[in-house]
Every structure is written in C-alpha cells, then in structure tokens.
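Summary of structural features
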Amino acid sequence: MLQRMTALVSEAGYRSDEPIVVGMRRRGAPPILLAQGLTGTTVTYAASLSKQMTAACAALLVQRGALDMESSLSRWLPRLPAWAGAIRLRHLVHHTAALPADSEIDAIIAGEADRTTSGIIRALTRFPALVRRPGTEHRYSNAGYVCLAAAVERAADMTLSDFAQRHLFVPLAMADTRYWSGPDPMPPGAAPLARLHPAPLSLGDGGVWTTLRDLLRWSQALNADELGISELMQTPGRLDDGRPIDYAWGIGVRSHAGHRVYRHGGGWTGLRALHARVPDLDLSVALLAIDDHTERRVPLLNSLLDEGGASGRAAS
C-alpha cells in the first residue's frame, strides 16, 4: 500500500522534494504514512481543520446541558451590536449566521495588525447591521467560529485551549495537539510557515497545531464515537425554513462511491491540509503539506479514498 500511496502522491503532481505527509488508517489497523520533508509527528498548523475540534467542544457542552444551541449570540457576546440577538449558536456551527464576509473583516484586522480572537470580535462591533437575515443562507464564515469559541469559553468557564486539552486531546492521547494563541506565532518545535505570513492567533476558526498521526487518531475516535458526540457532530445543518445544507458540525458532508464522507480542508499561505473519514468503513485519510499553494490535495484525497476501499475495491 505504501508503494501505491507514493504513486498517487506523484500522480497528483507532488515532487519528491516537496514537504508533504499523507496518512491512511482503516478498521483499527496501524496507520500507513508517506512522509517526505515532514514526518507523522511534525507539528503543523491545522488551519480550518480546527473547526471540527471547536465544534466538538461545543457538542460536549451541549451534551452536558451547559450550552443551548438555540441561545442567542448576544447572550454570550453582549458587546456585539444588536444584530447578535438574531443569531443562534446553531447558525454559527453551520455557517448560516449572515455575519459580514471574511474579506470585510480581514480588511479591518489588517489595518490594525491584530489577527487574534479579540481583534476579530472588535472588528465585528464595527458593523452596525447585517446585510442578510440569519438562517437564510449558508455562507462560510471564519468569524462565526471565533464567536462560537468565545461562547464555549463562557459556558465552560475556562479557556478553549484548556477545555480542549482536558476533554479532547488528553483523553484521546493526542499528545502533540493544542490550540495556540501566542504570543509567539507558533508553538515550540512546529514546522514554520511562510515567514511573512505567520498563522493567525485567533481560536475557533483555526488555532490548532497538530500532527498527521494525531489527526488519524482524531478520525478513529470520531468513527468509533469515543466521545459520545459523533451522531450530533455528523448531523447536517438546515436553514431556518428547513432546507438541508451539506455542512454539519465543523465538517462538510459529502458522498464518495456511495459512502457518506465527512471531510474538511484547511489552508493558509504556504499550507494545505485535508482530512476525511468514512465511518461505515472506519476509514480515515489526512494530509498536510507546507510550501504548497495549490489544490492538488483534492484529487489526491479522492484517489486515497478510492484506494482505501471507498470505491468498493479493497486496498492491496
């Protein structure tokens, strides 16, 4: 299988000198890793793969009765303008909150050089009204997950980082995974990103630094429902009029060769990440690449899903 994985990476257009690590795990077997320039234990920025971990923290609090997804955002972030009263936490989870576009928020943050949680929330306070009504449209929003993380912190009465360590990463033995909010641009020993484009220090939309091995462990735990929240996390969202969308709790809901696939990408300048799992096959696939500005990861992931058995043929 390793030889076949090497061929698929090459077919996707990755040269042997480009830093990428790719992994697959199926039905509890040891993971199969292909590493070049990185290793399975290289700590790397996870970018938007962090969203499913933020959503998992929220799901655990829902399970414990500490967080109501029908509660308004204004309850948790009263400093936001009056429009926050119309946004429910479930809108944040499913990207239906009608928040200002990321580009608009980024323009404010760039001017203040403050790409942190407080910087994003402060930028939101400068929008007097929403253009659309919450719950009427699915529109991907990084700011929404920053707000969700803030609500998690208030409901848990501890930082998102501490809550995730205590309830996600330590119980699942993900020893090399953490949320990182600085002040340094990355945790000690992590793979550096493009020098002029350090990772954001906001938490919720991103903020997680992890390894390929830990990502496969995360997949295994969700496939086996080790945290008791997989059914909730895998439930697709709906608009307020009942129309379904193909986004669950921090994960996209897709199909591949007749199988339900939960997948999500992550990207930053010089970083590409992709993660997918197929619960009915107990199949997990993930990849992390640095110095990559392309979308070669998408056809590579699809080929890996096929090779892992999602095409209906077993891997050899």
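Model, not experiment: these values are computed from the prediction.

In the structure shown here, the tally under the stated rule is three aromatic pairs. With 5.2 Å between their ring centres and 45° between their planes, tyrosine 45 and tryptophan 209 make a pair best called tilted. Linking tyrosine 45 in strand 3 (residues 44-45) with tryptophan 209 in strand 5 (residues 208-210), this pair joins segments that are 164 residues apart in sequence. Taken as a pair, tyrosine 45 and tryptophan 209 share a single burial class, namely buried. Between tyrosine 140 and tyrosine 247, the aromatic rings sit 6.4 Å apart at their centres with planes inclined by 80°, giving edge-to-face as the arrangement. Of the two residues, tyrosine 140 sits in the loop between helix 6 (117-124) and helix 7 (142-156) while tyrosine 247 sits in the loop between helix 10 (230-233) and strand 6 (252-256), which places them 107 residues apart along the sequence. On the accessibility criterion, tyrosine 140 (33% relative accessible area) is partly exposed. Overall, tyrosine 247 belongs to the buried group, its relative accessible area being 5%. The ring of tyrosine 14 carries the charged tip of arginine 296 above its face, separated from the ring centre by 4.0 Å.

Attention now moves to the pattern of salt bridges. Applying the stated criterion to the full structure yields 16 salt bridges. Between aspartate 240 and arginine 90 there is a salt bridge, and its shortest N-O distance comes to 2.9 Å. In this pair, aspartate 240 is assigned in the loop between helix 10 and strand 6 and arginine 90 in helix 4 (residues 89-93), connecting sequence segments 150 residues apart. The class of aspartate 240 is partly exposed, set by a relative accessible area of 39%. A relative accessible area of 25% means that arginine 90 is categorised as partly exposed. Residues participating in the shared-partner salt-bridge network are Arg15, Asp17, Glu18, Asp292 and Arg296.

Backbone-to-backbone hydrogen bonds pair the strands of a sheet. The strands run either parallel or antiparallel. Across the sheet, which stays open at both edges, the three strands sit in the order 3-5-4 with antiparallel pairing between neighbours. Single-partner strands in this sheet number two, and they are strand 3 and strand 4 (178-179). Relative to strand 5, strand 3 is paired through two bridges, and the arrangement is antiparallel. Bridge pairing links tyrosine 45 to tryptophan 209 in strand 5.

About the cut-offs
- Residues numbered from 1 in each chain as written.
- Predicted model: local features only at pLDDT ≥ 70, side-chain atom pairs only at ≥ 80, totals over all residues.
- Heavy atoms only, no water.
- Phe/Tyr/Trp six-rings, centres within 6.5 Å; stacked < 30°, edge-to-face > 60°.
- Helix = DSSP H or I, 4+ residues; strand = E, 2+ residues; numbered from the N terminus.
- Buried < 20%, exposed > 50% of the residue type's maximum accessible area, 1.4 Å probe, protein only.
- Lys NZ or Arg CZ within 6 Å of the ring centre and 35° of its normal.
- Salt bridge = Lys/Arg side-chain N within 4 Å of Asp/Glu carboxyl O.
- Pairing = 2+ DSSP bridges.

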